[in-house]
Amino acid sequence: MKCTLDVATLLRLQQLAYELVIDISRQAAENPQWLNLETANQIKTPEGAEKWLASQAGKIDKTRFPEDELRRPFINLFSAFFETSFHFDIRQYRDELISARIEPQFMRVGKSERYRVAVLALRDLAKEQRVLLAIEQLRKLAKHNDIRTDVFILTYVWELRKRAVGKGKGIVAHQIWKALPHDIRKSLDENYYWLAKQRIVDAMFSMSQDR
């Protein structure tokens, strides 16, 4: 299944999903019983998350959700956060739940894994643009200093599309995000993406002519 959402919508859904995670964590801190171990395991999958969120309709602000036609990719992005960026910190004492929070995930992957995923994104872009480049050339492009940030912007949005259909790459997505400069993470939008994509396409055509 291919995600056909435009970049602006993808980024909006990602932001909504993030805000929902934060809101649930805040409510759970105030009422630990609301987020028990069973619930935590349930919302790690899109199917489980959809059922649980539907059951909590009266407790969650409706503004946290997108239009009905965007509900499926939104749910996929929401549940994917628990593979990429967050984990549950649920503590019990003598079978009594005493605290429940959603905390940042600090697992790391090597740079080689980030670049491996970047090459996959570049390969798809080269195919889209009908530029013939060997894998070694794509690897070289992924590490090119002049467009390194552009490559990670492209890769992040590419991976976001994968998550929107439930086929994300896991924890490496968060590492790709962290590889972006802080100011870009704060203001990433479709304009950043299209400028990054164009610079990469230009570099691809230039490299293909040097063969």
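Right above here is the structure, for reference.
Because the structure is a prediction, the values reported are computed rather than measured. (Residues numbered from 1 in each chain as written. Predicted model: local features only at pLDDT ≥ 70, side-chain atom pairs only at ≥ 80, totals over all residues. Heavy atoms only, no water.)

Summarise the pattern of salt bridges; cite the residues concerned and give the values.
Evaluation of the coordinates by the stated rule reveals 12 salt bridges. The partner of Arg 116 in a salt bridge is Glu 113, and the shortest N-O contact between them spans 2.8 Å. Note that Arg 116 and Glu 113 are positioned in helix H5 (residues 111-129) at a spacing of three residues, about one turn of the helix. The structure contains a network of salt bridges with shared partners spanning Asp 23, Arg 26 and Glu 30. (Salt bridge = Lys/Arg side-chain N within 4 Å of Asp/Glu carboxyl O. Helix = DSSP H or I, 4+ residues; strand = E, 2+ residues; numbered from the N terminus.)

Could you give an account of helix H10 (residues 190-209), naming the residues involved and the relevant values?
For an α-helix, the turn length of 3.6 residues means that residues three or four places apart are oriented alike. In this model, H10 (20 residues) spans 29 Å end to end at C-alpha, consistent with the 28 Å of a helix rising 1.5 Å per residue. Turning to H10, its buried residues are Tyr 193, Ala 196, Lys 197, Ile 200, Val 201, Met 204 and Met 207. Buried residues along H10 cover an arc of 140 degrees about the axis, so they all sit on one side. Turned more than 90 degrees away from the buried face of H10, the exposed residues are Asn 191, Leu 195 and Gln 209. For H10, the elements touching its buried residues are helix H1 (7-30), H5, helix H6 (135-142) and helix H7 (148-164). The N-cap of H10, judged by a side-chain oxygen 3.0 Å from the amide nitrogen of Asn 191 a few residues on, is Asp 189. (Expected span 1.5 Å × (residues − 1). Buried < 20%, exposed > 50% of the residue type's maximum accessible area, 1.4 Å probe, protein only. Arc of directions from axis to C-beta. Contact = heavy atoms within 4.5 Å. Polar contact = N/O pair within 3.5 Å; in protein donor to acceptor, adjacent residues only side chain to side chain.)

Help me get a handle on the pairing of strand S1 (residues 86-93), residues and values and all.
Pairing between S1 and strand S2 (residues 96-104): eight bridges, direction antiparallel. Paired with His 87 across the bridge in S2 is Glu 103. Between the end of S1 and the start of S2, which pair antiparallel, lie two residues, with Arg 94 showing a positive phi angle near 55 degrees. (Pairing = 2+ DSSP bridges.)

Give a description of helix H4 (residues 71-84) that names residues and reports values.
Taking 1.5 Å of rise per residue, 14 residues should cover 20 Å, and H4 covers 20 Å from first to last C-alpha, within 8% of that figure. Within H4, the full set of buried residues consists of Pro 73, Phe 74, Ile 75, Asn 76, Leu 77, Phe 78, Ser 79, Ala 80, Phe 81, Phe 82 and Thr 84. In this structure, the buried residues of H4 make contact with H1, helix H3 (46-55), S1, S2, H7 and helix H8 (172-178).

Kindly report on unusual backbone geometry, identifying the contributing residues and their values.
Among all residues except glycine, the phi angle is most often negative; among peptide bonds, the trans geometry is most common. For Arg 130, which is not glycine, the phi torsion reads 60 degrees and is therefore positive. Its location among the elements puts Arg 130 in the loop between H5 and H6. Since its relative accessible area comes to 78%, Arg 130 is described here as exposed.

Go over the layout of surface pockets, please, and point to the residues and values.
When its volume is computed, the largest pocket comes out at roughly 690 Å³. What lines the largest pocket is a set of 24 residues, among which Tyr 18, Tyr 156, His 174, Trp 177 and Arg 185 lie closest to the centre. Within the residue set of the lining of the largest pocket, elements represented by two or more residues are H1, H4, H7, H8 and helix H9 (182-187). By residue number, the principal contributor to the lining of the largest pocket is H8, which donates five residues. Residues that form the lining of the largest pocket fall into these classes: 11 nonpolar, eight polar and five charged. (1 Å grid on protein atoms, 1.4 Å probe; cavity = no way out; pocket = protein on both sides within 12 Å on 5 of 7 lines; lining within 4 Å. Points joined across faces, edges and corners; volume = space filled by probe spheres on them. Nonpolar A, V, L, I, M, F, W, Y, C, P; charged D, E, K, R; others polar.)

Which residues make up the side chain of Asp 23, and what values go with them?
On the secondary structure map, Asp 23 appears in helix H1. Beyond its immediate sequence surroundings of up to four residues, Asp 23 is in contact with Ile 60 and Arg 64.

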